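Chain by chain, the residues:
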Amino acid sequence: MTVKIERGQIVTVERGQRAARRIPGLGLLDGMAVVWKHWAGSFRKNQGFNDIHGVFTFEYPEERPKLPEAYRNMPILLYDEETGHELCTSCFQCERICPPQVIHMTQAKDPATGKPVPAVAEFVIEYDACMSCGFCAEVCPFDAIKMDHEFELSTSDHQKLTVFKEQLNRPISYYERIAPTMWAEVREGAMKKLQGNIKRRPDVIGMAPNLAEKIAARRRELEAAAAAAAAAAAPEAPAAAPAEGRKLTPEEKAAKLAAIKAANAAKKGGGATAPDTPATEAAPADEKAARLAAIRARNAAKQAGEAPAAAPAPEAAPADEKAARLAAIRAKNAAKKAAEGADGAPEATNVSAPEPAPAPPADGRPAPSGEAAGTGAAPADEKAARLAAIRAKNAAKKAAEGHDPEGS
Amino acid sequence: MYDIVNSLINVAFGWGWPGWVIALISHLAVTTLLFVIAPFQMLFLTYYERRAIARMQDRIGPNRVGPAGLFQPIADGVKMFTKEDIVPTAADKWVHFLAPCVVVAPTMLMFAVLPWGPGMVPADLNVGLLFFFAISSISAVGLMMAGLASSNKFALLGAMRAVAQMVSYEIPAVLSLLAVVMLTGTLSVVQLIEAQAGLFISSADVPGIPDLGLGWFIFTPVGFLAFIVFFIAALAEGERTPFDIPEADSEIVAGYMTEYSGMKFGLFYLAQYVLNFLLCAIAAVIFFGGWQGPGVGWLYDRAISPANPDGNWVFNVLAGFLGVFYLLAKTYAFFFVMVWVRGAFPRLRVDQLMDFGWKFLIPLTLVNIVSAAIWVALLRWGPEQGITFTQNWAPILRWGVAFVVTLAVNVAAYIALARIFAAAQAEQGRIDLDEYRDTLTATLR
Ligand code: SF4
Ligand code: SF4
């Protein structure tokens, strides 16, 4: 007899009729009848959770059970195929909650500024010690880590069980396939958060490393943007610099001051002509670059002041900022040249600091922007692009500032 | 076989060899054949049992080696052969070595009297049935040797249980066969089968019954009860669940086989399955007509046989195949029931086993012997033996009266004995409980 309950049936074994029990031994036949039913029913498959007959066996390697969506084995990381970006923001929530502490990660940093970026540089899960608790997937605020259905992980190579990001990465479509409803529940929020995070990721940081074409494409895009910015930068910069309406930090103020002084020195140093290219658009990157350029110019000026002949700049420059160093070196060189060229120009001594700024007019080259564009296009990464932009702007600014009063 | 070899050598080739050479050749051929067949039976039965029990447990069973897993037992055999043979240092080496042989040998000897088909019996002993059961109890000696020689408490326990069980259950087995022997008046297995021609009624009891080879003893009340008792006893003798007490693996590891490994263990295994096969076969022979079945008798009448030397050998082959088919079908059906019982019931306790054998089965078989006596008196005896009132009855009426009377006696005896047994068991349980409580209170005090 079976009792129906909400989730299925409860099977209760009843003893036979009282009359049947009067004949001894019939109970044995009841027991054999139960077994017979199982035997007779075993020539078909079991139908489901309410079916107590039929073969339950899955002939495993050939026949695979349909795993429930919520089945969890090992955690994986998701990335979005469309943008190529990983969902993980390196928030360390999973690392913190993991009971056996098998999750390790390093956060990605912007190579230009050294500031952390909401993306993960390397992500390691020790599968051999993971206990498949699923806490990491539950706690992740960005739905970046999910539990996989893959369970054939046995290997003779223990090292393989320390899994790195490259192997952990799965496209979202994969997760959508193994757990459609679970993904549908979180999809919208996850994608929204991802869009927000992509905006805060410079360069190709945060892109799944296996998507080589995507990354390459993104690089080209960035380079094109940099080139455009460099081309646009030359005449537009002076306008952009004063256009800054916001409050300036002390460094920025000092930088501006230095820039102006440099310009003045240049003015005094002699008139030079710069091609007058029309300004196009002022990208936010340009603005930032302008600011940076100002800072660097000031740094270079300072160094030049301390060591007018050939002060070794690299030590003074921030160690991690290659670009800054480069800029500083160039500035110093320019200063040197200016000093040599201005031998006969006593004005140079009039300036409060021995300025490197006169360089551009001294060069007198009409193609600072062209040079900048040329150098900006060659290096593969954005760093160089930015550097080129800075240099171009620097030169342009000085040229413009030196030229303007005469022109007007 | 003698006939075939004789006709081949002396008639076909005309060599005129003496009878003893032909007898030697035929016996050697038969023995070789049986020694090949027996292990293959065992291999097949292990596969068969595993598949059947798996289905009863909603599984599939071995299905990887060969088609549908048919070569699984061969793979197991290879495994057995390649296992290391370990003899415990404390063991009595010679006895330890001999025990498996002593267990296997009788099972092989038992094949000697097993008729496979019409005219296909290795040795038609006139005491075939006695031989069969006398030989089968020799293996108890082997079990005891194994248990004693192993110097292992589990092995010893298992051996003692095995011997106690075999000795106890041989009595009901033999007593139940006694009833059948009374019906036929013969101990020859071949004649037992021949007495089961007919159609639900043995043509030996009622002449003129059409012979479809279905006059099996199972269709008589005496034979039915005897079969039930015999089958239960066979379960116990073959150490099948629910009587697998000697090798109760959850209690005493593997009983007398505990200290055996490799092929010696394999021999015990072989002996056990061959014994089970033989018990099923002999049950089929005694109660289900052996090779008897529709068509075999008709075919055999036209074949070469001592009674009919001018027959056609084609009918020999046909009758032989059909007879072997019937016998094997019945045997495997019984083995299926053995597996079925194994799937259904848990293991008994030793005292339950003994109680059941001695207090229930033996009285029941004794009553059955009385029934058999009634049957014989009503059907066979006449005025010469002092039975006069059946004199003018037609044979079918005699049969009917005998059937009803023995049925009534057997059913009444069964119910009464079962009730008594159940009451006694309940009482025993109560007494045990009281004793236990007393000892408990005594120790607590
Ligand atoms: S499933 Fe549990 S044990 Fe495994 S990585 Fe996630 S939190 Fe850690
Ligand atoms: S996987 Fe999720 S929880 Fe873990 S660091 Fe990345 S975003 Fe945070």
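Residues numbered from 1 in each chain as written. Chains lettered and ligands numbered in written order. Predicted model: local features only at pLDDT ≥ 70, side-chain atom pairs only at ≥ 80, totals over all residues. Heavy atoms only, no water.

Overview of the overall build of chain A
Then, number 1: For chain A, the helix and strand inventory stands at 16 helices and eight strands.
Then, number 2: Buried residues in chain A amount to 39% of all 408 residues.
Then, number 3: Counted over contacts in chain A with a minimum sequence separation of 6, partners at least 24 positions apart contribute 69%.
Then, number 4: Counting every atom, chain A has about 22700 Å² of accessible surface; 58% of that belongs to carbon and sulfur. (Helix = DSSP H or I, 4+ residues; strand = E, 2+ residues; numbered from the N terminus. Buried < 20%, exposed > 50% of the residue type's maximum accessible area, 1.4 Å probe, protein only. Contact = heavy atoms within 4.5 Å. Areas by Shrake-Rupley, 256 points an atom, 1.4 Å probe, with all protein chains shown as cover.)

Thoughts on the overall build of chain B
Then, number 1: Scanning chain B for helices and strands turns up 15 helices and two strands.
Then, number 2: In chain B, buried positions account for 49% of the 445 residues.
Then, number 3: Counted over contacts in chain B with a minimum sequence separation of 6, partners at least 24 positions apart contribute 72%.
Then, number 4: Total accessible area computed for chain B in this model is approximately 20300 Å², and 71% of it derives from carbon and sulfur atoms.

Comments concerning the site of ligand 2
Then, number 1: Surveying the vicinity of ligand 2 reveals 13 residues, the closest of which are Cys88, Cys91, Phe92, Cys94 and Cys140 of chain A.
Then, number 2: The residue inventory of the shell around ligand 2, partitioned by class, reads 10 nonpolar, three polar and no charged. (Near = heavy atom within 4 Å. Nonpolar A, V, L, I, M, F, W, Y, C, P; charged D, E, K, R; others polar.)

Concerning the environment of threonine 113 of chain A
All names here are of chain A.
Then, number 1: If you trace the backbone, threonine 113 turns up in the loop between strand 4 (103–109) and strand 5 (116–126).
Then, number 2: Residue class for threonine 113 comes out partly exposed when judged on its relative accessible area of 41%.
Then, number 3: Polar contacts involving the side chain of threonine 113 include one to the main-chain amide nitrogen of lysine 115, which spans 3.3 Å. (Polar contact = N/O pair within 3.5 Å; in protein donor to acceptor, adjacent residues only side chain to side chain.)

Section: the pairing of strand 5 of chain A
Residue and element names in this part refer to chain A.
Then, number 1: Direction of pairing for strand 4 relative to strand 5: antiparallel, over a ladder of six bridges. Bridging from a neighbouring strand, histidine 104 pairs with valine 124 of strand 5.
Then, number 2: Here strand 4 folds back onto strand 5 in antiparallel fashion, the turn holding six residues, of which glycine 114 has a positive phi close to 80 degrees.
Then, number 3: As paired elements, strand 5 and strand 7 (residues 162–164) share three bridges and run antiparallel to each other. By the bridge assignment for strand 7, glutamate 126 is matched with threonine 162. (Pairing = 2+ DSSP bridges.)

Some details on unusual backbone geometry
Then, number 1: In this structure, phenylalanine 92 of chain A takes a positive phi of about 70 degrees despite not being glycine.
Then, number 2: Its place among the elements puts phenylalanine 92 of chain A in the loop between strand 3 (75–79) and helix 3 (93–97).
Then, number 3: Unusually for a residue other than glycine, serine 151 of chain B sits at a positive phi of about 50 degrees.
Then, number 4: Mapped onto the secondary structure, serine 151 of chain B falls in the loop between helix 6 (139–149) and helix 7 (153–184).
Then, number 5: Under the relative-accessibility criterion, serine 151 of chain B is labelled partly exposed at 45%.

A closer look at the packing of helix 9 (residues 221–237) of chain B against helix 15 (residues 395–444) of chain B
Then, number 1: Their axes nearest at 8 Å, the elements helix 9 of chain B and helix 15 of chain B cross at an angle of 35 degrees. Of the residues in helix 15 of chain B, those touching helix 9 of chain B at Pro221, Val222 and Leu225 of chain B are Phe403, Thr406, Leu407 and Asn410 of chain B. (Axes fitted to C-alpha atoms, helices over the stretch in contact; angles between N-to-C directions.)

Points about the side chain of asparagine 276 of chain B
All names here are of chain B.
Then, number 1: The residue asparagine 276 is located in helix 11 (residues 262–287) in this model.
Then, number 2: By relative accessible area, which is 0% here, asparagine 276 ends up buried.
Then, number 3: Residue contacts for asparagine 276: discarding those within four places in its chain leaves Gly238, Arg240, Phe335 and Met338.

What to know about the site of ligand 1
Then, number 1: Around ligand 1 there are 14 residues in total, and Cys98, Cys130, Cys133, Gly134 and Cys136 of chain A lie nearest to it.
Then, number 2: Class assignment of the residues belonging to the shell around ligand 1 gives a composition of 12 nonpolar, two polar and no charged.

Comments concerning the interface of chain B and chain A
Then, number 1: Taken together, the contacts link 18 residues of chain B with 22 residues of chain A.
Then, number 2: Three residues, Arg55, Asp58 and Trp340 of chain B, lead the burial of chain B against chain A; their summed loss comes to 37% of the area buried on that side.
Then, number 3: Run the count over chain B and chain A and you get two salt bridges.
Then, number 4: Elements with a contribution of two residues or more to the side of chain B that touches chain A: helix 2 (19–56), helix 13 (313–344) and helix 15 of chain B.
Then, number 5: The leading source of residues in the side of chain B that touches chain A is helix 13 of chain B, at five residues.
Then, number 6: Taken together, the residues of the side of chain B that touches chain A break down into 11 nonpolar, two polar and five charged. (Buried area = accessible area lost by both parts, 1.4 Å probe. Salt bridge = Lys/Arg side-chain N within 4 Å of Asp/Glu carboxyl O.)

A look at the packing of helix 7 of chain B against helix 11 of chain B
Residue and element names in this part refer to chain B.
Then, number 1: Orientation of helix 7 relative to helix 11, taken along the N-to-C sense of each, is 20 degrees, at an axis distance of 11 Å. Comparing the axis directions of helix 7 and helix 11 gives the class roughly parallel. For the pair helix 7 and helix 11, the sense of crossing is left-handed. Between helix 7, through Met166, Leu177 and Val180, and helix 11, the contact on the second element is made entirely by Leu275, Ile286 and Phe287.
Then, number 2: Taken together, the residues of the contact of helix 7 with helix 11 break down into six nonpolar, no polar and no charged. (Parallel < 35°, antiparallel > 145°, perpendicular 65-115°, else oblique. Left-handed = near helix turned anticlockwise from the far one by under 90°.)

As for the confidence of the model for chain B
Then, number 1: Residues at a pLDDT of 70 or more form 91% of chain B, whose mean pLDDT is 82.
Then, number 2: Both scores are given for the predicted complex: the pTM is 0.65, the ipTM 0.78. (pLDDT = per-residue confidence, 0-100.)

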